[in-house]
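Fold and contact review
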Amino acid sequence: SIQLALDDLADDGAVEIQDSGRYEETLAVTAAAGQRIELRAKDEARPLIKLSGDMTITGAAEAEVTLNGLLIDGGTIRVSGDLERLTLRHCTLVPKSVPSLVIDSTSVLVRIESCIVGAIRIQREVAYQNRLECRLE
C-alpha cells in the first residue's frame, strides 16, 4: 500500500506510484525535523488516490512534503504541525462541497503549482503572513 511505503521512509525520500491505478486508502504523512518526503506519480502515470477519510500531513520544523502528479478524491487534505513547506505540483484535488485543502498550521508555506484544487480553508494568521503561493502556468 502507499501508506506502508510512506511509513518505511526513515530519511529523506520519495514514494513513486508506477501506474495509473486506483488506490483506496486514507493516508497520513508525517515528516520528522528536516525530513523531505515526496509522494509522486511516475512520469506519464496519473494514479487516482480515492481517500476513504481525510489525508493528514504533518511535520516538525524544517520538514517538507511534496505531492506531485496525483489525482486525489474523497476526503480533505489536512495540514498541521510545524511543517515548513507543502508543495502541490501537477495535482488535481477533486472539488467537492467541503474544502479540498485545510491548513491548520501557522508555520507552513504552501506552494501550489499547476494544480486544480477545490476550496481551501486557511488559518487567518497564515493568510496574513503570506504563506500561500499559487503559480499558474
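Heads up: the structure comes first, above all this text.
Every value quoted in this text rests on a predicted model; they were computed, and no experiment measured them.

Attention now goes to the pattern of salt bridges. Under the definition given, this model contains eight salt bridges. For the salt bridge of Glu16 with Arg40, the shortest nitrogen-to-oxygen distance reads 3.0 Å. With Glu16 in strand 1 (residues 13-17) and Arg40 in strand 4 (residues 36-41), the pair connects residues that are 24 residues apart, well separated along the chain. In this structure, Glu113 engages Arg89 in a salt bridge whose closest nitrogen and oxygen atoms are separated by 2.9 Å. Of the two residues, Glu113 sits in strand 13 (residues 109-113) while Arg89 sits in strand 10 (residues 85-89), which places them 24 residues apart along the sequence. Salt bridges sharing partners connect three or more residues here, namely Glu16, Glu38 and Arg40.

Bringing the sheet that holds strand 6 (residues 55-59) into the picture now. Backbone hydrogen bonds hold the strands of a sheet together, and the pairing may be parallel or antiparallel. An order of 3-6-9-12-14 is seen for the five strands of this open sheet, with the pairing classed as parallel. At either end of the open sheet lies a strand with only one pairing partner, and these are strand 3 (28-31) and strand 14 (120-122). Recorded for the sheet is a direction-independent mean angle of 10 degrees between the axes of neighbouring strands. In terms of strand pairing, strand 9 (residues 77-81) meets strand 12 (residues 101-103) through three bridges, oriented parallel. Counted as the bridge partner of Arg78 is Val102 from strand 12.

Our next topic: the side chain of Ser105. With respect to the secondary-structure elements, Ser105 resides in the loop between strand 12 and strand 13. A relative accessible area of 1% places Ser105 in the buried class. Separated by 3.4 Å, the side chain of Ser105 and the backbone nitrogen of Val108 make a polar contact.

Reading the values: rules and limits
Residues numbered from 1 in each chain as written. Predicted model: local features only at pLDDT ≥ 70, side-chain atom pairs only at ≥ 80, totals over all residues. Heavy atoms only, no water. Salt bridge = Lys/Arg side-chain N within 4 Å of Asp/Glu carboxyl O. Helix = DSSP H or I, 4+ residues; strand = E, 2+ residues; numbered from the N terminus. Pairing = 2+ DSSP bridges. Axes fitted to C-alpha atoms, helices over the stretch in contact; angles between N-to-C directions. Buried < 20%, exposed > 50% of the residue type's maximum accessible area, 1.4 Å probe, protein only. Polar contact = N/O pair within 3.5 Å; in protein donor to acceptor, adjacent residues only side chain to side chain.

The values are spatial; any link to function lies outside them.
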